[in-house]
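A structural walkthrough
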Amino acid sequence: MSAVVPATFKLISLQNPVFACYVNWTVLLLLKTMFLSIYTAYVRLKKQTFANPEDGPDGRRNVRFNDDDVERVRRAHRNDLENLFPGIIIGFLYVLVDPPTLSTCVLFRAAATARIIHTYVYVKAVPQPARVLCFSTYFMCTVYMAVAILMRVM
Amino acid sequence: MSAVVPATFKLISLQNPVFACYVNWTVLLLLKTMFLSIYTAYVRLKKQTFANPEDGPDGRRNVRFNDDDVERVRRAHRNDLENLFPGIIIGFLYVLVDPPTLSTCVLFRAAATARIIHTYVYVKAVPQPARVLCFSTYFMCTVYMAVAILMRVM
Amino acid sequence: MSAVVPATFKLISLQNPVFACYVNWTVLLLLKTMFLSIYTAYVRLKKQTFANPEDGPDGRRNVRFNDDDVERVRRAHRNDLENLFPGIIIGFLYVLVDPPTLSTCVLFRAAATARIIHTYVYVKAVPQPARVLCFSTYFMCTVYMAVAILMRVM
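Since the structure is predicted, the reported quantities are computational estimates derived from the model, not experimental observations. (Residues numbered from 1 in each chain as written. Chains lettered and ligands numbered in written order. Predicted model: local features only at pLDDT ≥ 70, side-chain atom pairs only at ≥ 80, totals over all residues. Heavy atoms only, no water.)

1. Observations regarding the overall build of chain A
The helix and strand inventory of chain A stands at five helices and zero strands. Along chain A, from the amino end to the carboxyl end, the secondary structure elements read α-α-α-α-α. C-alpha atoms of chain A, sized along the principal axes, occupy 65 × 35 × 25 Å. The buried share among the 154 residues of chain A stands at 60%. By sequence separation, contacts in chain A at least 24 residues apart represent 71% of the contacts at least 6 residues apart. Between the centroid of the 17 positive side chains of chain A and the centroid of its 10 negative side chains there is a distance of 5 Å. (Helix = DSSP H or I, 4+ residues; strand = E, 2+ residues; numbered from the N terminus. Buried < 20%, exposed > 50% of the residue type's maximum accessible area, 1.4 Å probe, protein only. Contact = heavy atoms within 4.5 Å. Lys, Arg positive; Asp, Glu negative; His and termini not counted. Charge placed at Lys NZ, Arg CZ, Asp CG, Glu CD.)

Structure representation (structure tokens):
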């Protein structure tokens, strides 16, 4: 990490390979998360299990909150929100401390890949410790970046 | 989209009409989402249905998780989080690819209006396909911006 | 608030004390939120109550969604997401309107402290109005910043 941090307009710029890598993987992760909304709707239609009477053809008779498949996808979606929200914000602020290019791009790729695999193993109910490993990878990447940021600003 | 992207400090600037439009509608959408917290509390007080024993006058007797009105508002709130989080982040990154001013402001206004109407139709249980149309509008706007960003960075 | 707003690269810069304060407290709040994921797992292990059959040693027999302690931590976590997501985005945009240094740093510190205490009082089931006061403090800080931003861009 350089002692003098370049001006923001060089860091938050698509010409900065670190920021370009961040944007690339952030957008891919957010598209994946948004896809989970569509997949939830697909599973609801397949299981004829809805959250609101006005959503299904049989009104209140279709409203259930305990369908295994629907609730599993919703849990995966909530897990995404719980982890991506801190991770994406912290990732953006991390770019501003001018981190080393190569290791940071590796960090972003590893973290994003872990979250993509996490969603797959959650929805497909892959036995543990697959999901814990994916979760922990992204979690540790985010904590590492957070600590690096705090060491710079404190 | 210009071949050479202006420096960040011209794009992420309140003098940039695209960014001013983004800020305007993002803040309005976030205020709407925050209002849903207050509205949830209002409905909880009206129905005397709380999530925690310490919240209501009759302790555990008021704790219920199946009140139709309360849970409907909470579902609308969660739907906001699931969609606004990707949309607002992607919108910010979209400003950085220097999109055309007029079409982008129309995009931001249409997307935000769709989300505002979405909350209303969800809470008031307006029959489908009202909610699906609102959801899809914001979703397609966000996917469009995401793809535009990826085409720039990849 | 100055009539002419300095260029973005002076505002979104770690040399700007307002932005440094924002980054500092935002990262601390996000670390606290991420800690709630770990704490949820700890309580699940302690109560042997899991959300998925593959998570626990006894498969489906451990799957419950009504354990008081587990659900309380999850409610605190969701409350964090509902409030920090708008607050952190609005805080970032607020830095861009070049607010006064001293009052803004006080605002960020007060808001962040309120959220940290909020998590503690929620998880420990401290009687009301402790949680309402914490929630309202952060809520009012965020609304104040949102209105200030709208007054600048409208």
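Next comes the rest of the account.
2. Some points on the environment of B:Val147
As for its placement among the helices and strands, B:Val147 is situated in helix α5 (residues 130-153). Distance from B:Val147 to B:Ile90, taken between C-alpha atoms, is 9.9 Å for residues 57 residues apart in sequence.

3. Here's the deal with the packing of aromatic side chains
The final tally for this structure, using the stated rule, is 30 aromatic pairs over all chains. Ring centres of A:Tyr22 and A:Phe108 lie 5.7 Å apart, and the angle between their planes is 55°; on these two criteria the pair is classed as tilted. Highlighted residues: A:Tyr22 in helix α2 (residues 17-47) and A:Phe108 in helix α4 (residues 101-123), separated in sequence by 86 residues. Taken individually, A:Tyr22 and A:Phe108 each receive the classification buried, so the pair is uniform in this respect. With 6.3 Å between their ring centres and 55° between their planes, C:Tyr22 and C:Phe92 make a pair best called tilted. Of this pair, C:Tyr22 sits in helix α2 (residues 17-47) while C:Phe92 sits in helix α3 (residues 68-95), placing them 70 residues apart in sequence. A relative accessible area of 10% means that C:Phe92 is categorised as buried. Ring pairs connect the aromatic residues A:Phe19, A:Tyr22, A:Phe92, A:Phe108, B:Phe19, B:Tyr22, B:Phe92, B:Phe108, C:Phe19, C:Tyr22, C:Phe92 and C:Phe108, which therefore count as one cluster. One residue, A:Arg115, lies across the ring of A:Tyr138, its end atom 5.7 Å from the ring centre. Its guanidinium or amino end placed over the ring of B:Tyr122, B:Arg131 lies 4.0 Å from that ring's centre, counting from NZ or CZ. (Phe/Tyr/Trp six-rings, centres within 6.5 Å; stacked < 30°, edge-to-face > 60°. Lys NZ or Arg CZ within 6 Å of the ring centre and 35° of its normal.)

4. Overview of the relation of the copies chain C and chain A
For these two chains of identical sequence, chain C goes onto chain A by a turn of 120° and a shift of 0.0 Å along the axis, with RMSD 0.0 Å. The operation mapping one copy onto its partner corresponds to a three-fold rotation axis. The position closest to the rotation axis in chain C is occupied by the C-alpha of C:Phe9, lying 3.3 Å away. A different interface surface on each copy is seen, since only 19% of the contact residues of chain C are contact residues in chain A too. (Least-squares fit on C-alpha atoms with pLDDT ≥ 70 in both.)

5. Description of the relation of the copies chain C and chain B
The transformation that overlays chain C on chain B combines an axial shift of 0.0 Å with a rotation of 120°, and the residual RMSD is 0.0 Å. Mapped onto chain B, only 19% of the interface residues of chain C are again interface residues, and the two copies thus contact each other with different surfaces.

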